[in-house]
Amino acid sequence: MEKLGVSANKSLTVPFPEVPEEFLPSFVRGVIDGDGWVQKTGYVMNVTSGSLLFSEGLLSVYQSWNLRSEITKFSISHLG
């Protein structure tokens, strides 16, 4: 599978893709629809990802849009 470009633990290592600027809002909306939620109170949105690389790319997009944003890290042992 690795010869075909499939890597082990992909969900932990997938980078944020290069998305053309005109499609970036739609891509981010898809990420939120698939892996995120908006809290009932206030304007707080959460996205869950196992990949720090992906999270850092998404954070960069939010910051470029002047959105207040941060990454919160949890380990599996922390959640158990």
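These numbers were taken from a predicted model, which means no experiment stands behind them.

Caption draft 1: Examining the overall build of the chain more closely. The helix and strand tally for the chain stands at four helices and two strands. In sequence order, the chain lays out its α and β elements as α-α-β-β-α-α. In terms of principal-axis extent, the alpha carbons of the chain reach across some 45 × 40 × 20 Å. Every one of the 80 residues in the chain was classed for burial, and the buried ones make up 16%. For the chain, contacts bridging at least 24 residues in sequence account for 45% of all contacts bridging at least 6. Taken as a whole, the chain presents about 6,800 Å² of accessible surface, with 56% of it coming from carbon and sulfur. When the 6 positive and 8 negative side-chain charges of the chain are each reduced to one mean point, those points stand 8 Å apart.

Caption draft 2: Spatial organisation of the layout of surface pockets. Considering only enclosed or pocket space, the largest pocket measures out at about 1,000 Å³ in volume. What lines the largest pocket is a set of 31 residues, and nearest its centre among them are Asn-46, Val-47, Glu-70, Ile-71 and Thr-72. Put simply, the parts of the chain that give the lining of the largest pocket at least two residues each are helix H2 (24–35), strand E2 (45–47), helix H3 (52–64) and helix H4 (76–79). Considering every element that reaches the lining of the largest pocket, the biggest residue donor is H3, with five residues. Of the residues contributing to the lining of the largest pocket, the split by class is 18 nonpolar, 10 polar and three charged.

Calculation rules
Residues numbered from 1 in each chain as written. Predicted model: local features only at pLDDT ≥ 70, side-chain atom pairs only at ≥ 80, totals over all residues. Heavy atoms only, no water. Helix = DSSP H or I, 4+ residues; strand = E, 2+ residues; numbered from the N terminus. Buried < 20%, exposed > 50% of the residue type's maximum accessible area, 1.4 Å probe, protein only. Contact = heavy atoms within 4.5 Å. Areas by Shrake-Rupley, 256 points an atom, 1.4 Å probe, with all protein chains shown as cover. Lys, Arg positive; Asp, Glu negative; His and termini not counted. Charge placed at Lys NZ, Arg CZ, Asp CG, Glu CD. 1 Å grid on protein atoms, 1.4 Å probe; cavity = no way out; pocket = protein on both sides within 12 Å on 5 of 7 lines; lining within 4 Å. Points joined across faces, edges and corners; volume = space filled by probe spheres on them. Nonpolar A, V, L, I, M, F, W, Y, C, P; charged D, E, K, R; others polar.

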